[in-house]
Amino acid sequence: MKICFATNNKKKIEEVKAALGPKYTLVSLEEIGCNEELPETGDTLDANAFQKARYVKEHYGVDCFADDTGLEVEALHGAPGVYSGRFAGEPRGDERNIGLLLEKMSNHSNRKARFRTVIALILGEKEYAFEGVAEGEILDKKVGYGGFGYDPVFRPVGFEKTFAELTLEEKNQISHRGKAVKSLIEFLSQRKF
Ligand code: IMP
């Protein structure tokens, strides 16, 4: 059964493809001929994930799922949240986003934060949502060179290392996206056609 992952991020596709097995043929946006940018104008992660998934279903007629992730910092009342990728405005960049985050956090002793991923799935007429959360704290400087986004300043609960110091496998085991993808895969694998 064909299902589209509404992303062109090859790493994300490969990760899910490997876990899904042969029951589903996973295709990217490019593979269904969708080359335009998907609308993402909601003000919550759920709204954005569903907006992207519904767009693909409506315009290309394929079952699909889309993800949206945000970093939610307690002292900043949940910011940058849904705006994580464009926190410091244009041009978008991890360095600028991290710089702004550390600046805003400079007077806060409460460093609690969490990454949250929402996956919106559309199968035929039905819609489903899956969520994954990784709790942790924001450091006052960058540590580590791996990962992407806010990884060098995020230390997950129970670890002495930041996400940027973990291997991809280690990060996937405990990360927001890893957990959301796991729930999605469990659901899809148990589903009867
Ligand atoms: P997206 O919804 O996966 O495109 O993520 C939106 C933004 O959240 C990204 O541009 C990053 O700034 C941030 N982000 C998402 N996932 C991660 C992660 O695993 N580590 C660090 N930052 C992330």
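No experiment lies behind these values; they were computed from the predicted model shown.

**Details of the overall build of the protein chain**
Line of reasoning, step 1. Scanning the protein chain from N- to C-terminus turns up five helices and seven strands.
Line of reasoning, step 2. Sequence-ordered secondary structure for the protein chain, helices as α and strands as β, is β-α-β-α-β-β-α-β-β-β-α-α.
Line of reasoning, step 3. Rg of the C-alpha trace for the protein chain: 17 Å, near the compact-globule value of 16 Å for 193 residues, within the 12% margin.
Line of reasoning, step 4. Projected onto the principal axes, the alpha-carbon positions of the protein chain cover approximately 55 × 30 × 25 Å.
Line of reasoning, step 5. Residue pairs in contact within the protein chain that sit at least 24 positions apart in sequence constitute 56% of those at least 6 positions apart.
Line of reasoning, step 6. By element, 50% of the accessible surface of the protein chain is carried by carbon and sulfur atoms, the whole surface being about 10300 Å².
Line of reasoning, step 7. Taken as two groups, the 28 positive and 31 negative side-chain charges of the protein chain have centres that lie 2 Å from each other.

**Details of helix H3 (residues 94-105)**
Line of reasoning, step 1. When the terminal C-alpha atoms of H3 are compared, their 16 Å separation across 12 residues agrees well with the 16 Å that a helix rising 1.5 Å per residue should span.
Line of reasoning, step 2. Three or more residues of H3 are buried, namely Asn97, Ile98, Leu101, Leu102 and Met105. Buried positions in H3, seen along its axis, are confined to an arc of 130° and lie on one side of it. Those residues of H3 that are exposed and aimed more than 90 degrees away from the buried face are Glu95 and Glu103.
Line of reasoning, step 3. On the buried face of H3, the contacting elements are strand E3 (64-73) and strand E6 (126-138).

**As for the site of the ligand**
Line of reasoning, step 1. Close contacts around the ligand come from 13 residues, with Thr69, Asp151, Lys171, His176 and Arg177 the closest.
Line of reasoning, step 2. Contact distances for the ligand include 3.2 Å between an oxygen atom and a side-chain N or O atom of Asp68.
Line of reasoning, step 3. Here an oxygen atom of the ligand sits 3.0 Å away from a polar atom, N or O, in the side chain of His176.
Line of reasoning, step 4. Its free accessible area being 470 Å², the ligand has 84% of it covered by the protein chains.
Line of reasoning, step 5. Only E3 and helix H5 (176-190) provide two or more residues apiece to the shell around the ligand.

About the criteria used
- Residues numbered from 1 in each chain as written.
- Predicted model: local features only at pLDDT ≥ 70, side-chain atom pairs only at ≥ 80, totals over all residues.
- Heavy atoms only, no water.
- Helix = DSSP H or I, 4+ residues; strand = E, 2+ residues; numbered from the N terminus.
- Rg over C-alpha atoms; globule rule 2.2 N^0.38 Å.
- Contact = heavy atoms within 4.5 Å.
- Areas by Shrake-Rupley, 256 points an atom, 1.4 Å probe, with all protein chains shown as cover.
- Lys, Arg positive; Asp, Glu negative; His and termini not counted.
- Charge placed at Lys NZ, Arg CZ, Asp CG, Glu CD.
- Expected span 1.5 Å × (residues − 1).
- Buried < 20%, exposed > 50% of the residue type's maximum accessible area, 1.4 Å probe, protein only.
- Arc of directions from axis to C-beta.
- Near = heavy atom within 4 Å.
- Polar contact = N/O pair within 3.5 Å; in protein donor to acceptor, adjacent residues only side chain to side chain.

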